[in-house]
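Each chain, letter by letter, is given below.
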Amino acid sequence: MFLKTETQNERTKMKRTRAALLCLLTTLLLISAAYSTVMRLEMTHRDTLFPTSFCRIEDIIGSDQKRHSLISHKRTTTKTNGGARLTLRSGFDYGAAQYFAEIRVGTPAKRFRVVVDTGSELTWVNCRFRGKGKTENRRVFRAEESSSFSRIGCLTQTCKVDLMNLFSLSSCPTPSTPCAYDYRYVDGSAAQGVFGKETFTVRLTNGRVARLPGVLVGCTNSFSGDSFRGADGVLGLALSDYSFTSKATNVFGGKFSYCLVDHLSNKNVSNYLIFGSSSFSSATKLNATRTTPLDLNVIPPFYAINIIGLSLGETMLNIPMQVWDATQGGGTILDSGTSLTFLADAAYKAVVSGLQRYLFGLKRVKPEGLPIEYCFDTTSGFNQSKLPQLTFHFKGGARFEPHRRSYLIDAASGVKCLGFVSAGEPGTNVIGNIMQQNYLWEFDIVASTLTFAPSTCL
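Note that the structure is predicted; figures quoted are calculated from it, not measured.

Focus on helix H5 (residues 345–356)
Under the 1.5 Å per step criterion, the end-to-end length of H5 is 16 Å for twelve residues, consistent within 8% with the ideal 16 Å. Those residues of H5 not exposed but buried are Ala347, Tyr348, Ala350, Val351, Val352, Gly354 and Leu355.

Some thoughts on the sheet that holds strand E25 (residues 415–418)
Taken together, four strands build an open sheet; the order of strands is E20-E21-E25-E24 and the sheet is antiparallel. This sheet does not close on itself; its edge strands, each paired only once, are strand E20 (364–365) and strand E24 (408–412). Judged from the three bridges that link them, strand E21 (residues 375–377) and E25 form a sheet pairing that is antiparallel. Paired with Asp377 across the bridge in E25 is Val415.

As for the environment of Ser385
Residue position: Ser385 is located in the loop between E21 and strand E22 (390–394). Distance in space between the C-alpha atoms of Ser385 and Arg404 is 7.5 Å, their sequence separation being 19 residues. At a separation of 2.6 Å, a polar atom in the side chain of Ser385 contacts the side chain of Asn383.

Here's the deal with the confidence of the model for the protein
In the predicted model, the protein carries a mean pLDDT of 81, and the fraction of residues at 70 or more is 76%. Note on residues 19–38: pLDDT is under 50 here. Beyond four places in sequence and across chains, it has 111 contacts. Low pLDDT (under 50) marks residues 76–81, which in the prediction has 14 contacts with non-local residues, meaning those over four places away or in another chain.

A short note on helix H4 (residues 244–252)
Within H4, seven of the nine residues are buried, which leaves the element mostly enclosed by the surrounding structure. A positive backbone phi angle near 115° is found at Gly253, which sits one or two residues after H4.

A word on unusual backbone geometry
The linkage connecting Pro300 with the following residue, Pro301, adopts the cis geometry, with an omega of 5°. With respect to the helices, strands and loops of the structure, Pro301 is situated in the loop between strand E14 (290–295) and strand E15 (303–305). Going from Glu425 to Pro426, the amide bond is cis rather than trans, its omega being -10°. Mapping Pro426 onto the fold places it in the loop between strand E26 (420–422) and strand E27 (429–431). For Ser448, which is not glycine, the phi dihedral falls at a positive 55°. Position of Ser448 relative to the elements: it lies in the loop between strand E28 (439–444) and strand E29 (449–454). Within the chain, Cys457 stands out as a residue other than glycine whose phi angle is a positive 60°.

Parameters at a glance
Residues numbered from 1 in each chain as written. Predicted model: local features only at pLDDT ≥ 70, side-chain atom pairs only at ≥ 80, totals over all residues. Heavy atoms only, no water. Helix = DSSP H or I, 4+ residues; strand = E, 2+ residues; numbered from the N terminus. Expected span 1.5 Å × (residues − 1). Buried < 20%, exposed > 50% of the residue type's maximum accessible area, 1.4 Å probe, protein only. Pairing = 2+ DSSP bridges. Polar contact = N/O pair within 3.5 Å; in protein donor to acceptor, adjacent residues only side chain to side chain. pLDDT = per-residue confidence, 0-100. Contact = heavy atoms within 4.5 Å.

Shown next as structure tokens:
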């Protein structure tokens, strides 16, 4: 990619690019009628709502690092032929990297915009219960006005045992007191409220409406932190008995998939999160479809994969096998809530040093407020195709070859950076959403497999 001249449009785009990168690492966080059809929910990138509200990259990378710390800490039915489809859109135009789904909760159904988070088990919405809850600048679910809302009592087995991993509280002053939670996220954000069961209403692709009763939902009356900026709540998609993934896959089939468009795409470009069988359409390179085992029990509640090595071009990198061994503190997960890719120190050093050799002649720079280790001045021009192909080698022979723009990312006007962060040693490797972009990923919970293929996601 050559950058010898710069038009006003190019300058505008690069400003947006820098703004987008500044929020790429925030994260965290932070479906019966016609079962043979597909449910469609609209998703919008969270930063499409606040085009002037940009966060600094140092704050974002801090969020990713905190999320990674929690990942490391967490380690020590009836099926149908249809699926539920949620439309996703990138927030590049507005400077951030999370994705939203619009869901309808309660009876009568109310609309809420929620952050989609594969690393979170709890689904919650901004809520008022018995007069408590935030109302400013957000939609509010008024639990007592919903005829289908049922609280979970604090003396129940569900509260005292089953929901402990979702930060249920032991406080129970009276038998009629609802089960409360204080859910903590890795970037320091938190949500407090009470648990309940509620009906979710979803629209199917045939125009009909389906209702999912008995979904665990958090009625959050207090929350703090940047993770929820622009959102009314969180859609928890981690692998858990109480996550939305569990409910949706039980109804629509034991699979879910998503396809993330390029993170620099404008808000008019969309992709999908699908529950049920995914559609490997003409947008997906069918001849390039690969399948590898999913290790669903080694790093719960995350989606772990078995990587055995990395290569640059035709050269396998010298990385100790314990880096990929989950029993020795290593292992790898796919996480839509982390933006950059985390690699254990030995793998990180091997990758960045190998790629740096192909960036010889470019001046290494340290942009102000951009705490990524390897950034380069490309104003004199740089042909990105000269970079070797980075390949993730999976157990069983499958290979994942991300696009070059997924690991040499635009950081500012005339500046590109290697999109990796050291996870320490030992450390959990995390393939972030930028590395996953323009690929279709299908998670088969029943068969414990991951199928993926390059795709335009259109």
